[in-house]
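Listed below are the residues making up each chain.
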Amino acid sequence: MPVLISDRRIQPDDAWLMIADEAPIPQEGPVVLGWDRWILEQETLRGRSDPLGIRVNGDVPIQELGPQAERFDLIALEFPVATDGRCYSHARVLRTQYRFRGELRAVGNVLRDQIAFMERVGINSFLLDQGRSYAEQALAALGEISVAYQTAPLDTLPRIRRRLAGAEPA
Amino acid sequence: MYRYDHYDQTLVDERVAQFRDQTRRYLAGELSEDEFRPLRLMNGLYIQRHAPMLRIAIPYGLLSSAQLRTLASIARRYDRGYGHMTTRQNIQFNWPALEQVPDILADLAGVEMHAMQTSGNCIRNITADHLAGVASDEVADPRPYCELIRQWATLHPEFAYLPRKFKIAVSGSRKDRAATQVHDIGIQLVRNADGELGAEILVGGGLGRTPIIGEVIRSFLPLRHLLSYLEAILRVYNLLGRRDNKYKARIKILVRAMGAEAFRERVEKEWEHLRDQPDLTLEPEDIALMKKHFPQPDYRTDVDSAPMLDLVEQDDTFRRWYKRNTVEHRTAGYRAVFVSLKKPGVAPGDITDVQMEALADLAERYSFGEIRVTHTQNLVLADVAVDQLPALRRDLDELGLATPTIGTLADMICCPGLDFCSLANAGSIDVAADIHRRFDDLDYLYDLGELRLNMSGCMNACGHHNVAHIGILGVDKKGQEFYQITLGGSSTNDAAVGDRLGPAVAKDRVADTLEALLRTFADHREGEETFLETYRRLGIEPFKEQVYASAD
């Protein structure tokens, strides 16, 4: 049973339903669709009022996703293997360039030792497949390194410049 | 040099604790080999032929005497009493136990050092000119910019899982001593027509199995934009670099596939979104603050060079060392001194714990307590008053660190090769020893003039063989160690990839082959031409004839 962490908490429930590419889309409720399906069926989905999420991986051109991002309440970024780092850039571009304010969720091969990097590029929820105690450890791992030289898109931590001027770490 | 503040120290301390826990979990079976690999690599730890190998970052090659003493202590306590200086200004230890690596990292953190990002598919140690701040041809001191880049790159969350490793070098001088043209990004500090300082940006250089010389994608970048421009390049690479084939994953392949112009356009487009981000902008006060970390030392003004110059006239041993192992300094009365790690019989770049400790003392006595590492695997004491040179030479000689062959054939670059490295196809240290034995006549070496001989034990090219005047590459031929020779390469301003001479030669023929090449050079040399000049004038044919004719 996957465990969801969002906003630095383990969530008891997940309101979102991930829809496989061939599966029917329920009439109501928040659903997450694959990118290809969205491209094909967006006309018919246009009238839908319930929250809509999209699932993308590193192959999806960010210039195509970005301008549509505000249409979605959730963007799930897929990490097919832990070493595929493209979605780190997607997250950062979505947050800083396209000003996406919704939920950015890491799915796929999401590991305890990586989610701190993911959080710092603006991903704010993580779907972990390895059970509850792993998720608890992962949550703790978010605090392992308390300082960073880079600014995260959603934070107000001191910038490199303030730090250089002698500012204390947050 | 740069000193950590509370913020920097917190980061390395927490990083050590994090890796200690990761190592514990790996040893307890909680982390799989596949999961642990990228984590240990990003902390400098390889699993090698005999034992793990730990590569420690020496940012832009700069060490304090206290740091060198800690490296000595690590060599003694956790290794077999020596370390190996690399072509990227790092130091490697070949025999640490995995269980002890967290303790080593804690020792390093105690002297403001770390092993972060010395391996793995991330931004590696930033390298620079070993004569930074003292070279007389310097446009600007690269070290403050190197440190700013180091901080920007350290644990950069967006670029921790790049398609492949990523190396950045910075040169602040007209003469490129940092091999900027063969790095993923090369940065050359320049002044524009208005006298304003900026950076020329090269991308897509690299060695390995597809050596490529980098291309300029921006001839003048105002320094306030340095970090945002780097970020734009890295983002384009992270998104578009190939991930399906690790041999085609470096940025050089992407730049070549797109074409430098198309790559540049893409970067500039990305940069439009980044260029005015305050956290990526270097304001003049940011740069001024960083510059304060690299002050000019308190040079003496009473240095009398006359007795030393007399000794140059009278003493052959001193003269040889002075001419080969010291270079001019921008301050009157000072020289920069090369500490040779190329003593015959010792693996090039190796240094013992005893030598490190003694050298730390010498650095304090003679050179303001600082030591630099060169990409040619030597060390430098950069600020030595010339009236101290005779005493320093004697002290270095007692330590076996005064071999007067800097810049000659005997000053070869050499990777650890088959003896240590699990990637290597062939030995390199024993070939280096053969070459040292064969060419042991100093006058002959001096007659040959400037000659860069580099050797790698495999095509990953850690020994930079493909940009050497004479390059030697170890290959495996049906289980036998063979060596392919290349000629005419260079990693400095006239950077070029060497040309293949012909079929690889057997191990016991390498020294003979070199002799034949040098005979050809001597026969055709005009005046004081260097080997490279003669080669470039003549082309490869006469060398080929000589080598393969004499082999028949």
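Keep in mind it's a predicted model, so treat the numbers as computed, not measured. (Residues numbered from 1 in each chain as written. Chains lettered and ligands numbered in written order. Predicted model: local features only at pLDDT ≥ 70, side-chain atom pairs only at ≥ 80, totals over all residues.)

### Details of the pairing of strand β18 (residues 470-477) of chain B
All names here are of chain B. In plain terms, the rule: Strand pairing follows a simple DSSP-based rule, namely that at least 2 bridges must link the two strands. Each helix is a run of DSSP H or I of at least 4 residues and each strand a run of E of at least 2, with the numbering of both proceeding from the N terminus.
As paired elements, strand β17 (residues 453-456) and β18 share four bridges and run parallel to each other. Bridging across to β18, L453 finds its partner in I470. Count of turn residues in the β18/strand β19 (residues 480-487) antiparallel hairpin: two residues, of which K478 carries a positive phi of about 50 degrees.

### Some thoughts on the interface of chain B and chain A
Here is the rule we go by: What counts as a contact is two residues whose backbone-derived C-beta atoms lie within 7 Å of each other. Here the term charged refers only to Asp, Glu, Lys and Arg, the term nonpolar to Ala, Val, Leu, Ile, Met, Phe, Trp, Tyr, Cys and Pro, and the term polar to all other amino acids, Gly among them.
Across the boundary between the two partners, chain B contributes 33 residues, which contact 30 residues of chain A. Of all the elements in the fold, those that place two or more residues in the side of chain B that touches chain A are α1 (6-27), α2 (33-41), α5 (143-153), α6 (226-240) and α9 (284-291) of chain B. Top contributing element to the side of chain B that touches chain A by residue count: α1 of chain B, with eight residues. In terms of residue class, the side of chain B that touches chain A is built from 14 nonpolar, 10 polar and nine charged.

### Concerning the packing of helix α3 (residues 65-78) of chain B against helix α4 (residues 101-110) of chain B
Angle between the axes and distance between the axes are the two parameters that describe a pair of packed helices. Residue and element names in this part refer to chain B. For clarity, the threshold we go by: To get an axis, a line is fitted to the C-alpha atoms, and for a helix only the part in contact is used. The angle between two axes follows their N-to-C directions and goes from 0 to 180 degrees. The labels follow the angle: roughly parallel below 35 degrees, roughly antiparallel above 145, roughly perpendicular from 65 to 115, and oblique for the rest. In a left-handed crossing the near helix is turned counterclockwise from the far helix by less than a right angle, and in a right-handed crossing that turn is clockwise.
Closest axis-to-axis distance for the α3/α4 pair is 10 Å, and the angle between their directions is 165 degrees. One element, α3, and the other, α4, form an angle in the roughly antiparallel class. The interaxial crossing formed by α3 with α4 has right-handed handedness. Mapping the contact onto sequence places T70, S73, I74 and Y78 in α3 and I104, D107 and L108 in α4. Here the contact of α3 with α4 is built from residues that sort into four nonpolar, two polar and one charged.

### Considering α1 of chain B
Residues and elements named next belong to chain B. Quick note on the threshold: For a helix, the expected span equals 1.5 Å multiplied by the number of residues minus one. Residues are called buried when their C-beta atom has 20 or more other C-beta atoms within 10 Å, exposed when it has 12 or fewer, and partly exposed otherwise; all C-beta atoms are positioned from the backbone.
Between its first and last C-alpha, α1 extends 32 Å over 22 residues, near the 32 Å set by a 1.5 Å rise per residue. Within the span of α1, buried status applies to Y7, D8, L11, V12, R15, V16, F19, Q22 and T23. With its phi angle positive at about 85 degrees, G29 sits one or two positions after the end of α1.

### Remarks on unusual backbone geometry
All names here are of chain B. Not every positive phi belongs to a glycine, and Q89 is a case in point at roughly 60 degrees. When you line up the elements, Q89 lands in the loop between β4 (82-85) and β5 (91-93). The exposure class assigned to Q89 is buried, which follows from the 25 C-beta atoms found within 10 Å. The backbone of A461 shows a phi angle near 65 degrees, a positive value even though the residue is not glycine. The topology assignment puts A461 in the loop between β17 and β18.

### Structural notes on the domain arrangement of chain B
Residues and elements named next belong to chain B. For the record, the criterion: Bear in mind that the domain bounds are from an automatic or database domain assignment.
Domain annotation of chain B identifies domain 1 (6-110), domain 2 (134-291), domain 3 (306-398) and domain 4 (413-551). Inter-centroid distance (C-alpha atoms) of domain 1 to domain 3 is 29 Å. The interface of domain 1 with domain 3 comprises 21 residues on the first partner and 20 residues on the second. Among the elements of the structure, β3 (62-64), α3 and β4 are those that each provide at least two residues to the side of domain 1 that touches domain 3. A total of seven residues in the side of domain 1 that touches domain 3 trace back to one element, the largest contributor, which is α3.

### Some remarks on the sheet that holds strand β7 (residues 168-171) of chain B
Residue and element names in this part refer to chain B. Strand order in the open sheet formed by five strands is β6-β7-β8-β9-β10, with mixed pairing between adjacent strands. Here the strands that pair on one side only, and so sit at the sheet edges, are β6 (127-128) and β10 (215-222). Pairing of strand β8 (residues 185-191) with strand β9 (residues 197-203) involves seven bridges; the strand directions are antiparallel. By the bridge assignment for β9, V190 is matched with G198.

### Examining the nonpolar core
Note the threshold: Here a nonpolar core is just a set of buried residues of the types Ala, Val, Leu, Ile, Met, Phe, Trp, Tyr and Cys, joined wherever their C-beta atoms sit within 7 Å.
Ranked by internal contacts, the top residues of the largest apolar core, which has 204 residues, are I75 and L77 of chain A together with I233 of chain B. Element by element, the count of residues in this core is highest for α6 of chain B, at 10 residues. What I75 of chain A contacts, discounting residues up to four positions off in sequence, is G53, I54, V56, A69, L94, F100, G102 and L104 of chain A.

### Section: the confidence of the model for chain A
Residues and elements named next belong to chain A. The criterion, for reference: Scored between 0 and 100, pLDDT is the confidence that the predictor attaches to each residue.
On average, residues of chain A score 89 in pLDDT, and 90% of them reach the 70 mark or higher. Predicted confidence in chain A is weakest over helix α6 (residues 160-164), with a mean pLDDT of 49, and strongest over strand β6 (residues 74-79), with 98. Every residue in residues 156-162 is under pLDDT 50, and counting partners more than four places away or in other chains gives 16 contacts.

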